[in-house]
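A look at the structure
Single-letter residue listing:
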Amino acid sequence: MRLRLHIMIYLALLITFVACNAPPVPLDDIVVEKTFVPEKCERTVKSGDFVRYHYNGMFPDGKKFDSSYDRGSTYNVYVGKKQLIAGMDKALVGMCVNQRSVVKIPPALAYGKNGYGDVIPPDAILHFDVLLLDIWNPEDKVQSQTYYKPETCSRTVQVSDFIRYHYNGTLLDGTLFDSSHNRMRTYDTYVGIGWLIAGMDQGLLGMCVGEKRIITLPPFLGYGENGDGSDIPGQASLVFDVVLLDLHNPKDTISVEQQVIPETCTRKSQEGDFMRYHYNGSLLDGTFFDSSYSRNRTYDTYIGKGYVIAGMDMGLLGVCIGERRRVVIPPHLGYGEEGTGTKIPGSAVLVFDVHVIDFHNPSDTVQVTSSYKPDSCSLLSKKGDFVKCHYNASLLDGTPIGSTHSFGKTYDVVLGAGQMVQGMEVGLKDMCVGEKRVLVIPPHLGYGERGVEGEVPGSAVLVFDVEMISLEEGLPDGYMFIWDSDVSPNLFTEMDKNKDNNVEPSEFSDYILRQVNEGKGRLAPGFDAHRIIENMFTNQDRNGDGKITAEEFKLKADESAAHDEL
């Protein structure tokens, strides 16, 4: 009967081999039918490896006698160390992760003549449907495979650096157990000082910002025999797909890269200066977070006085007007562990590409540079003089803001009369006709913090390239009219043309204009003659009745310092 049974089993096995096109094997050897083989098989099981796999154990008739699935955990064991029945030890060698095979094991390589208690009868052929999930070896080390690296890499991760990175974490069979992308926030940590599992502490070293790499860890460099208690089983190899976004060291200070330096640089910024500059702000991985250009206005601030983050206070010192530089700021000199709560994450390194437009100091005065002076330069401009000038005006970065040449007329002003910004008043003094000057005017002597809407930005330093075209000497301080000849003793009588002992406004105006036309008197230049004469008449009309009597009429010499008519 037993011989007959053996023959039947042999025939059944032979039929199975033929059906599956399997090569004939001796009855006492295992049979492995590969039901699924993954496209990629980077590693196969070798003797001495540790494996994790699921299985269903069945008898040839399909009756199940055991299952790892039913227990809810993989079977974890060393291969080739006699921790398995001999047939399984042999069958697992050469398998790939995610490979599925049906293994048929004869009794001699299973539980033999004795069977196994009440579960496996004597001389039982065993079938195992095996799914391999993990392979590692005690000799394994961290494996790092970079699949993207940026063209430039000025710095790589070192021990004690602080980094921010995104990752997807999977088991070796591809099962996802965690992802920073799903949480929509980076993983931020120190490297190499025990804040991470040992394998990640090793696998992240040497990475560049922007680099992408696959880091594979054996369990003894991951979560070990116990796993993490939830998503990572014990003895599991881990695979992390990592992209590094940020990198700094707590000992870092700012770094400055000068990109464009102007040919001439007469002055460099110092602590206490007020600066106008444009910038683009990004994170270290290139993520944009802010730009003054997008707001179409410069960022205006004092530097070195705590008005900006500490790194910018440092990075804006020692720059030239017109200079472009890149300032890289570690988080402890930027927005720290908290970030801004919106566009700048906590512990982020900041990159500012800066273009300095202008700067000045509140203690600055007008800078006057004479670019041309005529040989004959004896008559110099002073307060009260009426001057005519041509100018080209620009901002300190060269942006034009106005030109008398484009207007087609000169700029005509009276010095000291408050007709122009204070800086121009200073710059046009002691200048002779034909002279050319360059005036650099700080904003507190120009158009101030507000500027001129649509023309001059607030807090802008101004540059005027000026040429004096003509000069008409003004009157002594306090006078709007002076006599160039002796004053007639019969002045009032000469004004009173109709001899009614009253001087009417028309009589007064006609008389003064006649003196001016005859060269006997002179009105202050640059002002409306009729307004001056009107004011002179008003000052003489003491009682305000619209006429001047002989008793009201007085010369300048007879007046107190408060009057300056005649």
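Residues numbered from 1 in each chain as written. Predicted model: local features only at pLDDT ≥ 70, side-chain atom pairs only at ≥ 80, totals over all residues. Heavy atoms only, no water.

So, on to the state of the cysteines. Counted according to the given criterion, the structure contains four disulfides. Sulfur-sulfur distance for the disulfide between Cys 153 and Cys 208 comes to 1.8 Å. As the torsion about the S-S bond is roughly -95°, the Cys 153-Cys 208 disulfide counts as left-handed. With Cys 153 in the loop between β7 (143-148) and β8 (162-171) and Cys 208 in the loop between α5 (198-203) and β11 (212-217), the pair connects residues that are 55 residues apart, well separated along the chain. Cys 208 gets classed as buried once you look at its relative accessible area, which sits at 1%. For Cys 265, the disulfide goes to Cys 320, at an S-S distance of 2.0 Å. Note on the Cys 265 and Cys 320 pair: the S-S dihedral is about -100°, so by sign convention the disulfide is left-handed. Placement of Cys 265 in the loop between β13 (255-260) and β14 (274-283) and of Cys 320 in the loop between α7 (310-315) and β17 (324-329) is noted, with a sequence separation of 55 residues between them. Judged by its relative accessible area of 3%, Cys 320 is buried. Cysteine Cys 389 is unpaired, with the sulfur of Cys 432 as its nearest cysteine sulfur at 11 Å. (Disulfide = S-S within 2.5 Å. Helix = DSSP H or I, 4+ residues; strand = E, 2+ residues; numbered from the N terminus. Buried < 20%, exposed > 50% of the residue type's maximum accessible area, 1.4 Å probe, protein only.)

Turning next to the UniProt feature "domain: PPIase FKBP-type" (unreviewed entry) in the protein chain. Look at the UniProt record and you will see "domain: PPIase FKBP-type" (unreviewed entry) annotated at residues 48-136, 160-248, 272-360 and 384-472. Secondary structure content for residues 160-248 is 11% helix and 39% strand, while the C-alpha to C-alpha distance between its ends is 9 Å. Along residues 272-360 the backbone is 11% helical and 39% strand, and the end-to-end C-alpha distance reaches 9 Å. (UniProt positions renumbered as here; feature names shortened; annotations may be inferred.)

A few words on the side chain of Asp 49. Within the fold, Asp 49 resides in the loop between β1 (31-36) and β2 (50-58). For Asp 49, a relative accessible area of 4% translates into the label buried. Polar contacts involving the side chain of Asp 49 include one to the main-chain amide nitrogen of Lys 46, which spans 2.8 Å. At 2.7 Å, the side chain of Asp 49 forms a polar contact with the side chain of Asn 137. Residue contacts for Asp 49: discarding those within four places in its chain leaves Arg 43, Thr 44, Val 77, Tyr 78, Val 79, Ile 135, Trp 136 and Asn 137. (Polar contact = N/O pair within 3.5 Å; in protein donor to acceptor, adjacent residues only side chain to side chain. Contact = heavy atoms within 4.5 Å.)

All right, on to the pattern of salt bridges then. For the coordinates displayed, the defined rule picks out 25 salt bridges. Where Arg 295 meets Asp 290, a salt bridge forms, and the shortest distance between an N and an O atom there is 2.8 Å. Accessibility expressed as a relative area gives 41% for Arg 295, which makes it partly exposed. Counted as one network, the salt bridges with shared partners bring together Arg 43, Asp 49 and Asp 140. (Salt bridge = Lys/Arg side-chain N within 4 Å of Asp/Glu carboxyl O.)

Moving on to the environment of Gly 224. When you line up the elements, Gly 224 lands in the loop between β11 and β12 (238-248). With a relative accessible area of 18%, Gly 224 lands in the buried category. On a C-alpha basis, the gap between Gly 224 and Ile 401 in space is 71 Å, while along the polypeptide they are 177 residues apart. Setting aside its immediate chain neighbours within four residues, Gly 224 contacts Pro 219, Gly 234, Gln 235 and Ala 236.

Here we come to a nonpolar patch on the surface. Among the surface-exposed residues, Val 159, Ile 193, Trp 195 and Leu 205 lie close enough to one another that they form a single nonpolar patch of about 390 Å² accessible area. Among the structural elements, Val 159 can be located in the loop between β7 and β8. Accessibility expressed as a relative area gives 48% for Val 159, which makes it partly exposed. (Patch = residues over 30% accessible without salt bridge, like charges linked within 9 Å, V, L, I, M, F, W, Y side chains within 5 Å. Areas by Shrake-Rupley, 256 points an atom, 1.4 Å probe, with all protein chains shown as cover.)

Along an α-helix, a turn takes 3.6 residues, which lines up residues three or four apart on a common side. Compared with the 18 Å implied by 1.5 Å per residue over 13 residues, the 18 Å span of helix α11 (residues 505-517) between its first and last C-alpha is a close match. Taken together, the buried positions of α11 are occupied by Glu 507, Phe 508, Ser 509, Tyr 511, Ile 512 and Gln 515. Residues of α11 that are buried make contact with β25 (481-483), α10 (491-495), β26 (502-503), β27 (521-523), α12 (529-540) and β28 (548-549). Gly 519 lies just past α11 and shows a positive phi near 80°. (Expected span 1.5 Å × (residues − 1).)

The subject of this paragraph is the side chain of His 390. Relative to the helices and strands, His 390 resides in strand β20 (residues 386-395). At a separation of 2.6 Å, a polar atom in the side chain of His 390 contacts the side chain of Thr 404. Setting aside residues up to four positions removed in sequence, His 390 forms contacts with Thr 404, His 405, Lys 409, Thr 410, Asp 465, Val 466, Glu 467 and Ile 469.

So, about the packing of aromatic side chains. Summed over all chains, the structure comprises 30 aromatic pairs. The ring of Tyr 148 carries the charged tip of Lys 212 above its face, separated from the ring centre by 5.9 Å. Over the face of the ring belonging to Tyr 302 we find Lys 305, whose NZ or CZ atom lies 5.0 Å from the ring centre. (Phe/Tyr/Trp six-rings, centres within 6.5 Å; stacked < 30°, edge-to-face > 60°. Lys NZ or Arg CZ within 6 Å of the ring centre and 35° of its normal.)

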